[in-house]
Number of protein chains: 6
Amino acid sequence: MAYFDLPLDELRVYKPSIPKPGNFDSFWKNTIAESRSLARDPQFEPQEWGFPLLDVYDVSFSGFAGQSIKAWYIRPKNRENLPVVVSYVGYGGGRSLPVDHLRYPAAGYGVFVMDTRGQGSVWSQGDTPDLDGGSGSPQIPGFMTRGILNPADYYYRRVFTDALLALEAAARAPGADSRRLVVGGGSQGGGIAIAAAGLAALCGLPRDVDQPRGAMPDVPFLCNFQRAVGLVDTDPYGEIRRFCVTHRNRIDQAFETLSYFDGLHFAAQAAVPALFSVGLMDTICPPSTVFAAFNTWAGSKQMVEYPYNDHEGGGSHHFSAQLQFLSSVVG
Amino acid sequence: MAYFDLPLDELRVYKPSIPKPGNFDSFWKNTIAESRSLARDPQFEPQEWGFPLLDVYDVSFSGFAGQSIKAWYIRPKNRENLPVVVSYVGYGGGRSLPVDHLRYPAAGYGVFVMDTRGQGSVWSQGDTPDLDGGSGSPQIPGFMTRGILNPADYYYRRVFTDALLALEAAARAPGADSRRLVVGGGSQGGGIAIAAAGLAALCGLPRDVDQPRGAMPDVPFLCNFQRAVGLVDTDPYGEIRRFCVTHRNRIDQAFETLSYFDGLHFAAQAAVPALFSVGLMDTICPPSTVFAAFNTWAGSKQMVEYPYNDHEGGGSHHFSAQLQFLSSVVG
Amino acid sequence: MAYFDLPLDELRVYKPSIPKPGNFDSFWKNTIAESRSLARDPQFEPQEWGFPLLDVYDVSFSGFAGQSIKAWYIRPKNRENLPVVVSYVGYGGGRSLPVDHLRYPAAGYGVFVMDTRGQGSVWSQGDTPDLDGGSGSPQIPGFMTRGILNPADYYYRRVFTDALLALEAAARAPGADSRRLVVGGGSQGGGIAIAAAGLAALCGLPRDVDQPRGAMPDVPFLCNFQRAVGLVDTDPYGEIRRFCVTHRNRIDQAFETLSYFDGLHFAAQAAVPALFSVGLMDTICPPSTVFAAFNTWAGSKQMVEYPYNDHEGGGSHHFSAQLQFLSSVVG
Amino acid sequence: MAYFDLPLDELRVYKPSIPKPGNFDSFWKNTIAESRSLARDPQFEPQEWGFPLLDVYDVSFSGFAGQSIKAWYIRPKNRENLPVVVSYVGYGGGRSLPVDHLRYPAAGYGVFVMDTRGQGSVWSQGDTPDLDGGSGSPQIPGFMTRGILNPADYYYRRVFTDALLALEAAARAPGADSRRLVVGGGSQGGGIAIAAAGLAALCGLPRDVDQPRGAMPDVPFLCNFQRAVGLVDTDPYGEIRRFCVTHRNRIDQAFETLSYFDGLHFAAQAAVPALFSVGLMDTICPPSTVFAAFNTWAGSKQMVEYPYNDHEGGGSHHFSAQLQFLSSVVG
Amino acid sequence: MAYFDLPLDELRVYKPSIPKPGNFDSFWKNTIAESRSLARDPQFEPQEWGFPLLDVYDVSFSGFAGQSIKAWYIRPKNRENLPVVVSYVGYGGGRSLPVDHLRYPAAGYGVFVMDTRGQGSVWSQGDTPDLDGGSGSPQIPGFMTRGILNPADYYYRRVFTDALLALEAAARAPGADSRRLVVGGGSQGGGIAIAAAGLAALCGLPRDVDQPRGAMPDVPFLCNFQRAVGLVDTDPYGEIRRFCVTHRNRIDQAFETLSYFDGLHFAAQAAVPALFSVGLMDTICPPSTVFAAFNTWAGSKQMVEYPYNDHEGGGSHHFSAQLQFLSSVVG
Amino acid sequence: MAYFDLPLDELRVYKPSIPKPGNFDSFWKNTIAESRSLARDPQFEPQEWGFPLLDVYDVSFSGFAGQSIKAWYIRPKNRENLPVVVSYVGYGGGRSLPVDHLRYPAAGYGVFVMDTRGQGSVWSQGDTPDLDGGSGSPQIPGFMTRGILNPADYYYRRVFTDALLALEAAARAPGADSRRLVVGGGSQGGGIAIAAAGLAALCGLPRDVDQPRGAMPDVPFLCNFQRAVGLVDTDPYGEIRRFCVTHRNRIDQAFETLSYFDGLHFAAQAAVPALFSVGLMDTICPPSTVFAAFNTWAGSKQMVEYPYNDHEGGGSHHFSAQLQFLSSVVG
């Protein structure tokens, strides 16, 4: 409601320094290597959904620990050599139905929509369980605190791994040009896109797959955790706060875990062009945390500010900016 | 929240008898005749929105009293002889941007999205003012009570007239098959679709335009006013209640006006096939008022019940049912 | 809730500089001249409302563009040569009934209560439509954004013009002393009073009518728009924010329009004595925006601070201060 | 919100039978007799409040147990032989300031506004403490449960006694015609008016004071307690519920006390004409409890139904009906 | 809020017939047998918590699939041959700290408090993860829909199994009399107690452990699912509704799963004495669903009704009734 | 919600200077002396509550003006020479039932729980009326403004006097060691504990009773009133604000009264060791007001900060810190 964060001129230069775990790089390299070693080829099953202009594929690919992750892949009918947008979904939602992912294909791109494990029940349907492997701990309802007492168990370790492998799966999609991929998404989807870009830089990609040509994080979540939790108590950041309310003796441990997953560490790795957006009255992903990621981003970058918007950000209006960005990075 | 309306078995047969003004037919025939006499040819201006698979047109057509109304028309690139869905928008929204209307074109249909005069500021942008001609009265914020003291001045007189003329304009769209039109929309859009179908039956259409082949009102609004206002106090029906709160001496006059606009009177005229949907926990358009319209509908009909949904109804899930219906009525 | 604005010592000197359109003066002079040229004599129809101590008149006068505006005029029975308070109404309300306007007459003054066009349905009844002339644009429910894309179309152009002409009509009321008028009102009524005083100074008054002897704006609205919209998101200022949420590409245009209507520009013109009041916890008209108008006011002035009040301000307690002020300016 | 109580046709005949304590009559006769024995003459101190048309008196009179109760008495300047309305105030408010009580004097009546002991801090200022004499018990914040474990200690024993003695004091007011008094009030004020009328009938009045000529209870409170508490959980009835939430073992005792104070028992005594009003969507004083009092009222009676109003009932619109009623009973 | 469920006389006889899956008995017998086969001896580790009057043990026992579950066991210092209350925890909470479980030991009983797997973050701390074994599905935040698409995967299959095995573990606690156990708990704890009693009857207990001597379900949850979900939309039942909102095509499947876990089927098995309680204004576990379980309960039984309480039910007041009940069943 | 008060480093040194009435000391010395002169011996009536490990006494002692105040005294069965915790209750609650006060006795201490006069209806039952002696004034529902216009009448004058006399009564309890008392409580209980410690220092104690050995104020209320009322508008501080909303002309008088009751003046007197706790997101007793008391405390002291907790503070987790503190001060 109204402006509650830093003044705009301070936001634009806000770049906090947050502690990065000493073994951050090895933690992630090992995680990715292990999951890659368990991966099988992605499956693209063509399905009939009533769209004569498009090809729709039901996708299964190997995510964290070789677990099967669902996705949609949609492309303009029979088109080849396509740039593909790998799209991640906002908190609580799932891959939903193909009808909800028509904008990129209608614009001449392939789109690969990764289901978010465990989610997909709050506002759009998902189809992928979260197999947590049994080493977790009590959690606040929601996903933010699932396994939060240990980086190895934390929910987003699995999700971020899925996200990088989704990128690799998308490169194998029918008609996809593996050298012209872009990652994107809004809110949690934006946070995952940042992580995917950072992990791609950190861990590399298969020889025939290029680093993504760009990233489009809109009003991204999962950045600058400690500030976010102290600044707003809306969910999902509020889930972390509520965990700390009850687990008073495990607060440091929880934030230690989160330091392996903060978008700022991934943004610092990401050297590709980025198009960010921010709602200056965003009470879910407060603007300072979005600017923190943006200002930390290692590559070239552009921020679109929506001065009176809350977490809805630019909405459909922002799609024009995205098309322009896509045109500039994947022609 | 939870079930608050009639039990399901009673809903399915609920068909109230509500008073119809004696001059209802002439009121509407005169209204339509007058506006038709002032109409000019619709304008379809092709625009570039970045969708190589589609043609997008910015439309202006003559609505009530010859006033200019905006619309989008979108079709699969260069396709001719197309069935066209004429789509009306929910309360508070406007025609928005083309990117929000891709589903029908991707499915091989043309879509004609009418802007709703005056609206288009709450959740999606609109571009058409409401010219009320200066004979109105004080109103509750919102559109439900604009001109409510006189049928001639009431806001929906203008909107429903726009809606019928939108149908006629859609018949002239590039590539449109004027004999294969369908009307549809959700919430207010559903209520307008019912009105448009009823008015088409009552007032006829130009010789070369067929009655719409079908209607798809989802969780329709603007039906069974008096029951709705006494049953829920959510907006928009609540706007009527709040008007009556202040204008205690004008209640009968307001409901007298509304009797010219109740969807039940239009449904009783509409002889074409219809696909309805209802959320059985809908607190905005309570299920009994939706069933009232459905049970009154004169043509063949089908109801899809969503037992645990509020006003979001079937959401994207319902699109499959719509494609099936479209396939059955416009092949 | 609680203190959310500047500290009191900063409030007392807060005097922002906001941009004034180059043609502000001519815009308003032309507007007023045009409406004056269309005005007819006000009508005062005596009515029986059951108050033997008073005379009650139902008033119609010519407002913006010659349109007919309603008002009440009430005076102590048969009294002549009366000072008259011209009173404007808060947002959402109308002129209501005579029974709601007894305090000034009981105190020996005439009162002239202007109906606010279009309003009068939310908390007190109104009787005057807003004839917007048909050049508007989509709007958020409420009146704040009606015609906001163009100063010529903006709702408050019509209201402020009505307000100045109300002053001139009041001067013609039975028993009124045209040289002893005072303007006043709370919230929107306070904002309108400021505008009326400013316009009277800018545009002059008929020869036999004196500039108002004083102004009594309580917790005034319509001042320092941009700060208000960024500071609180309560309505009515929130209506502007919500417009900007949807019309992301029209924000500058909207604020450009508002710059023709900001109370600060009128306050800077107003050279007569003023009695202001402010609630230091006012979440509707935040204190800084009230002090902004007060500190800008060109004439002599007095501020009554209510330290723990929200928008209710001084309520009936403030009436004593008003009587004292009236006594000092119109004796 | 919306209709939640009995259908209107059932409301109109709803007349519950509730248990009346065997010693109800003696309880009240003793209470009144004892307080009358301690009463001293009321004091009417003329004060200057800036109303040349009126005389304003600050009143002190003896209430329960001889305790001093404040009131305002206002009459048209120097008028004699006046009918007087004795007015009781809604829950939470006090006698406020004279400026809030101008309508009856402007209409040619005297008005005597009783302060409600202890109240007068929530929405209008009061000036009378509640001296509870030290035999109370723990209470829920608010006044509904003050002394609720014993009829002798219960708060409304003191208030209802004050109310009857206010009637007697009003009969002594300057210019008052002691044979033409009327009681009235809204919400709690309506409930007190019912009690005052019932007690006047039960306990009689001084020889030179007539029974009130009429009663005007608007949306009355304090009627049909048990139904009210089970039907709505808004305050003030909700205060009783919350007491029962904590004092699980004292529920019967609390309702036993309330049975000495239920408006229905007073209504059954009251043989004078009455003008009631009811909001059919009243969530504070639900319509069935208002009709219960109305249908039980022993005298001639008239009910004004406001079909879409909540607890605001008829507001200022109702004043016309009141003037008409007053004219018929005190001419 | 207020009374919203059946009238009290109908509640007292409300006993719905709900479908029981044909393989209900075998499903549970197999489940229990399998987990028993994987169980190891419970561990009771004495700990120092600063209570000289008590012995406090940190407990680990084998629950579902042999997974380790935490508990507290507290007894009066060095006391032997003790009746033991096996206590289950309300939704969202965990076993918390020993300081929160002093009432039974102070009353001379042992208490065995089972941690609820995965929970223990919302209002009291838990220490046991939920190992879901990796065959789940997307879920609404919370535990109600974890694995809801398949009885074998459903969260409460694991919890109810834990609960029966907790009973068996409690029988082995230091000083416990394995022939004098009682199960109990509030809300979810009450629902689990019902399930534990039913499973004990259905599946038997080890030779040296008697069926529990009694059950004390307070305001029990997890009963009569379908009615509950249609009657209230508060959480936790609301989690089921929200799942159905999104997973429109999986509603039947979800309720099919729930039919294996409805407390009514367990109550019908339970032949031991029971002490129930109910809040007649309980909006979380509506009274009809509590009476449904009570009226179905196969053993002797007693219901304590709290007429004005919401889900807090009898609170500490109810403890007296529990002591009396305990005294009667385990003397 | 989230952090809204000063940054932590500023909190830790925040020590405001607030005006202390010149006659503060004499006001309290006279008050205490007068009530002591009216005191009779406390009564300890042993009662059976079903706890074989404990002795439970229903206590009556003389509080303010000799009025009878209830309390519970509980000790480990037959234990003598016991340190005793004198415990005060949070706002709205009463002494409740013995079952709610087991933790100190189970830990080997006596506990003396003072009932709070008049309270005890909101969340736990109380049994002591507030006899206000009849010199009060209108009040906002709740206790914060009872008698607020005069220090002699103010509610907390009576409560704080009760609290000191409770300490003296506890010293006479069966088995109590009058030289090893500690005061404590949460929220209002913490504020009262501060007052009791301060008054004990200011007014002294009987010869055979030692100054309390320590104080344990958790998230204390009743400190730094003026800042609290301007910083949050939650209740109970909000009751003061609401009083000022209505009684605009009595604000200074109200705060003048409060200056006799501000915890900071008592903390400055208190020379014994203290264990404080604070929730850094406490919206009821904002952290700065808690630190204000802590930083003012005259004795040795320790603060436990709960960084993500609201007013629930440390909850049961804090009990370990309390046991450690008790062990250090009363061994």
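Residues numbered from 1 in each chain as written. Chains lettered and ligands numbered in written order. Predicted model: local features only at pLDDT ≥ 70, side-chain atom pairs only at ≥ 80, totals over all residues. Heavy atoms only, no water.

Under an unreviewed UniProt entry, the name given to chain A is Acetyl xylan esterase, and the organism recorded is Spirochaeta lutea.

A. Structural context of the overall build of chain A. For chain A, the count of helices and strands is 11 helices and nine strands. Over its C-alpha atoms, taken along the principal directions, chain A stretches across nearly 55 × 45 × 35 Å. Looking at chain A residue by residue over its 331 residues, the buried ones come to 70%. Here the analysis covers contacts within chain A between residues at least 6 apart in sequence; of these, 77% occur between residues at least 24 apart. (Helix = DSSP H or I, 4+ residues; strand = E, 2+ residues; numbered from the N terminus. Buried < 20%, exposed > 50% of the residue type's maximum accessible area, 1.4 Å probe, protein only. Contact = heavy atoms within 4.5 Å.)

B. Here's a closer look at the relation of the copies chain E and chain A. Take chain E, turn it by 180 degrees, move it 0.0 Å along the axis, and it overlays chain A with an RMSD of 0.0 Å. Here the two chains are linked by the operation of a two-fold rotation axis. Taking C-alpha positions as the reference, the residue of chain E nearest the rotation axis is P141 of chain E, at 2.3 Å. The residues that chain E uses at the interface reappear at the interface of chain A in 100% of cases, marking a shared surface. (Least-squares fit on C-alpha atoms with pLDDT ≥ 70 in both.)

C. Expanded view of the packing of aromatic side chains. Residues and elements named next belong to chain E. Tallied over the entire structure, the rule returns 174 aromatic pairs over all chains. Ring geometry for W28 and F261: centres 5.4 Å apart, planes at 80 degrees, overall edge-to-face. Of this pair, W28 sits in helix α2 (residues 24-37) while F261 sits in the loop between α8 (251-258) and α9 (263-267); the two residues are 233 residues apart in sequence, bridging distant segments of the chain. Residues W28 and F261 agree in their burial class; the two are buried. (Phe/Tyr/Trp six-rings, centres within 6.5 Å; stacked < 30°, edge-to-face > 60°.)

D. Expanded view of the interface of chain E and chain A. With 32 residues of chain E at the contact, the number on the chain A side is 32 residues. Summed over both sides, the interface between chain E and chain A buries roughly 2200 Å², with carbon and sulfur atoms accounting for 51% of that surface. Where chain E touches chain A, the interface holds two salt bridges. Notably, a salt bridge pairs R250 of chain A with D127 of chain E, separated by 2.7 Å at the nearest N-O pair. The tally of links from chain E across to chain A stands at 12 residue pairs in polar contact (both at pLDDT 80 or more). (Buried area = accessible area lost by both parts, 1.4 Å probe. Salt bridge = Lys/Arg side-chain N within 4 Å of Asp/Glu carboxyl O. Polar contact = N/O pair within 3.5 Å; in protein donor to acceptor, adjacent residues only side chain to side chain.)

E. Up close: the side chain of S259 of chain C. Following the sequence through the fold, S259 of chain C ends up in the loop between α8 (251-258) and α9 (263-267). Judged by its relative accessible area of 13%, S259 of chain C falls in the buried class.

F. Here's a closer look at the UniProt feature "active site" (unreviewed entry) in chain A. Residue and element names in this part refer to chain A. Feature annotation in UniProt places "active site" (unreviewed entry) on S187, D282 and H311, given in this structure's numbering. A maximum C-alpha distance of 10.7 Å places the annotated residues, which cover 125 residues in sequence, within one compact spot. On the secondary structure map, D282 appears in the loop between β8 (274-279) and α10 (287-296). Here D282 falls in the buried class, since its relative accessible area comes to 0%. What D282 contacts, discounting residues up to four positions off in sequence, is F4, V219, P287, N309, D310 and H311. Along the chain, H311 turns up in the loop between β9 (301-306) and α11 (318-330). (UniProt positions renumbered as here; feature names shortened; annotations may be inferred.)

G. Spatial organisation of the arrangement of the chains. With no contact between them, chain A and chain D keep their nearest C-alpha atoms 26 Å apart. One thing to see here is that chain B and chain F don't touch, and their nearest C-alpha atoms sit 27 Å from each other.

H. Representation of the sheet that holds strand β4 (residues 82-88) of chain B within the structure. All names here are of chain B. As summarised here, the arrangement of the nine strands in space is β1-β2-β3-β5-β4-β6-β7-β8-β9, forming an open sheet in which the pairing is mixed. Here the strands that pair on one side only, and so sit at the sheet edges, are β1 (43-47) and β9 (301-306). Direction aside, the axes of adjacent strands within the sheet are offset by 20 degrees on average. Examined bridge by bridge, strand β6 (residues 176-186) and strand β7 (residues 214-218) share five bridges and lie parallel to one another. Directly across from V182, in β7, lies its bridge partner G214. (Pairing = 2+ DSSP bridges. Axes fitted to C-alpha atoms, helices over the stretch in contact; angles between N-to-C directions.)

I. Region of interest: the interface of chain B and chain D. Across the contact, 14 residues belong to chain B and 14 residues belong to chain D. Between chain B and chain D the total buried area reaches about 1100 Å² when both faces are included, carbon and sulfur atoms providing 59% of it. Joining chain B to chain D, the criterion identifies zero salt bridges. Elements with a contribution of two residues or more to the side of chain B that touches chain D: α6 (225-231), α7 (237-246) and α8 (251-258) of chain B. Class assignment of the residues belonging to the side of chain B that touches chain D gives a composition of seven nonpolar, four polar and three charged. (Nonpolar A, V, L, I, M, F, W, Y, C, P; charged D, E, K, R; others polar.)

J. Molecular detail of the relation of the copies chain B and chain D. Rotating chain B by 120 degrees and translating it 0.1 Å along the rotation axis places it on chain D, where the RMSD comes to 0.0 Å. Such values leave the two copies arranged in the relation of a three-fold axis. The position closest to the rotation axis in chain B is occupied by the C-alpha of F4 of chain B, lying 6.2 Å away.

K. Spotlight on the UniProt feature "binding site: substrate" (unreviewed entry) in chain A. Residue and element names in this part refer to chain A. Mapped onto this structure's residue numbering, the UniProt feature "binding site: substrate" (unreviewed entry) falls at Y91. Along the chain, Y91 turns up in the loop between β4 (82-88) and α3 (103-106). For Y91, a relative accessible area of 17% puts it in the buried group. Residues contacting Y91, with those up to four places away along its chain left out, are Q119, W123, G142, F143, M144, Y156, Q188, F221, P236 and E239.

L. Region of interest: the pairing of strand β7 (residues 214-218) of chain A. All names here are of chain A. Within β7, five of the five residues are buried, which leaves the element mostly enclosed by the surrounding structure. Handedness of the crossover joining strand β6 (residues 176-186) and β7 through helix α5 (residues 188-203) is recorded here as right-handed. Both β7 and β8 contribute to a ladder of two bridges, which runs parallel. Note on β8: the bridge partner recorded for A215 is A274. (Right-handed = clockwise from strand over helix to strand, strands pointing away.)

M. Here's a closer look at unusual backbone geometry. Each neighbour pair has its own omega, and for D235 of chain A with P236 of chain A the value is 0 degrees, a cis peptide bond. Summarising the element assignment, P236 of chain A is placed in the loop between α6 (225-231) and α7 (237-246). A positive phi angle, close to 35 degrees, is found at V219 of chain E, a residue other than glycine. Mapped onto the secondary structure, V219 of chain E falls in the loop between β7 (214-218) and α6 (225-231).

N. Layout of the sheet that holds strand β3 (residues 68-76) of chain D. Residue and element names in this part refer to chain D. Taken together, the nine strands give an open sheet; going across it, the order is β1-β2-β3-β5-β4-β6-β7-β8-β9, and neighbouring strands pair in mixed fashion. What marks the edges here is a single partner per strand, and that holds for β1 (43-47) and β9 (301-306). Shown here is a sheet whose adjacent strand axes are inclined to one another by a mean of 20 degrees, direction ignored. Contacting β4 (82-88), β6 (176-186), β7 (214-218) and β8 (274-279), helix α5 (residues 188-203) runs over the sheet at an angle of about 140 degrees to β6.

O. Fine view of the pattern of salt bridges. Using the criterion set out here, one finds 120 salt bridges over all chains in the structure. A salt bridge links D5 of chain B to R227 of chain B; the shortest N-O distance between them is 2.9 Å. With D5 of chain B in the segment before α1 (8-11) and R227 of chain B in helix α6, this residue pair connects regions lying 222 residues apart in the sequence. Residue class for R227 of chain B comes out partly exposed when judged on its relative accessible area of 24%. In this structure, a network of salt bridges that share partners links the residues D58, K70, R95 and D127 of chain A together with R250 of chain E.

P. Layout of helix α4 (residues 155-170) of chain A. Under the 1.5 Å per step criterion, the end-to-end length of α4 of chain A is 22 Å for 16 residues, consistent within 8% with the ideal 22 Å. The buried fraction of α4 of chain A is high, at 16 of 16 residues. (Expected span 1.5 Å × (residues − 1).)

Q. Local environment of the environment of G120 of chain F. All names here are of chain F. Within the element layout of this structure, G120 appears in the loop between β5 (110-114) and α4 (155-170). Its relative accessible area of 0% is what places G120 among the buried residues. Along the backbone, G120 and R95 are 25 residues apart, and their C-alpha atoms lie at a distance of 7.1 Å.

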